[in-house]
Every structure is written in C-alpha cells, then in structure tokens.
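What follows is each chain in one-letter form.
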Amino acid sequence: MSLDAIPAIGDSGLMIAQPYHLYVERTDVAKNMARYYAMSIEPNLFGDVCLLRKWGRIGAKGQTMIHHFGREEEAVELFLDLLRQKRKRGYRPRATVAS
C-alpha cells in the first residue's frame, strides 16, 4: 500500500456502526444528591474506538475517563455493562420540565 494512495470516499475505518450516547441523572433531595453520568462511543484519529465517560454533580465540571479499544464490540460490551450498573443504582434519563 502506498502512502500516496488516495482512499476511496466513504472508505473509513473510523466509522461507528451505530451511535451510542447516554445521559442519565440520579437525584435525591433528602440526601442533597444531584449526580449525572454520561457515556458515548466514538472513534479517535488513530483508528481506535473509544468509550468516553463523564460523571459528577449536576452543574459541576465532573470527572472524565476514556477507554480505548481495538474493536467496537468491546466498547459496546463495556457500555452496556456500565448502563446496567447505573440503572441498578437508580440513574434514570433526565425528567423533562413542562413549560
């Protein structure tokens, strides 16, 4: 393979088969708890698949963690495991506010 070759349009190894995005919250007024948890699966510039996680108190910067995978299936497996864990702990999609 030549480094000068022009790749075909749409021939990208960086495409994710299906978008994976999640944002959930856990609130408990009695415990002064207001937390969020967000995840997404995205490609990086080096051809890896990354699971990006962000969590913290609602309204705060929070923390971030990035997991790198060689295959999308591995990222999806961790994504679904973490989703199950968060659901068990009481995280739910954000309630919409009626105007």
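Residues numbered from 1 in each chain as written. Predicted model: local features only at pLDDT ≥ 70, side-chain atom pairs only at ≥ 80, totals over all residues. Heavy atoms only, no water.

1. Some thoughts on the overall build of the protein
- Within the protein, the regular secondary structure consists of one helix and five strands.
- The secondary structure elements of the protein, listed N-terminal to C-terminal, are β-β-β-β-α-β.
- Across the 99 residues in the protein, those meeting the buried criterion constitute 29%.
- The contacts in the protein between residues at least 6 apart in sequence include a share of 40% that link residues at least 24 apart.
- Carbon and sulfur atoms make up 55% of the accessible area of the protein, which totals about 7700 Å². (Helix = DSSP H or I, 4+ residues; strand = E, 2+ residues; numbered from the N terminus. Buried < 20%, exposed > 50% of the residue type's maximum accessible area, 1.4 Å probe, protein only. Contact = heavy atoms within 4.5 Å. Areas by Shrake-Rupley, 256 points an atom, 1.4 Å probe, with all protein chains shown as cover.)

2. Considering the side chain of Glu 25
- Topologically, Glu 25 is positioned in strand β1 (residues 20–28).
- Among the polar contacts listed, one links the side chain of Glu 25 to the side chain of Tyr 23, at a separation of 2.8 Å.
- Not counting the four nearest positions on each side in its chain, Glu 25 is found in contact with Arg 35, Tyr 36, Ile 58, Gly 90, Tyr 91, Arg 92 and Arg 94. (Polar contact = N/O pair within 3.5 Å; in protein donor to acceptor, adjacent residues only side chain to side chain.)

3. A short note on the side chain of Ser 40
- Mapped onto the elements of the fold, Ser 40 is located in strand β2 (residues 33–43).
- Within the local environment of Ser 40, its side chain forms a polar contact with the side chain of Glu 42, the two groups lying 2.9 Å apart.
- In this structure, Ser 40 is in contact with Tyr 20, His 21, Cys 50, Leu 51, Leu 52 and Phe 79, ignoring residues within four places of it in sequence.

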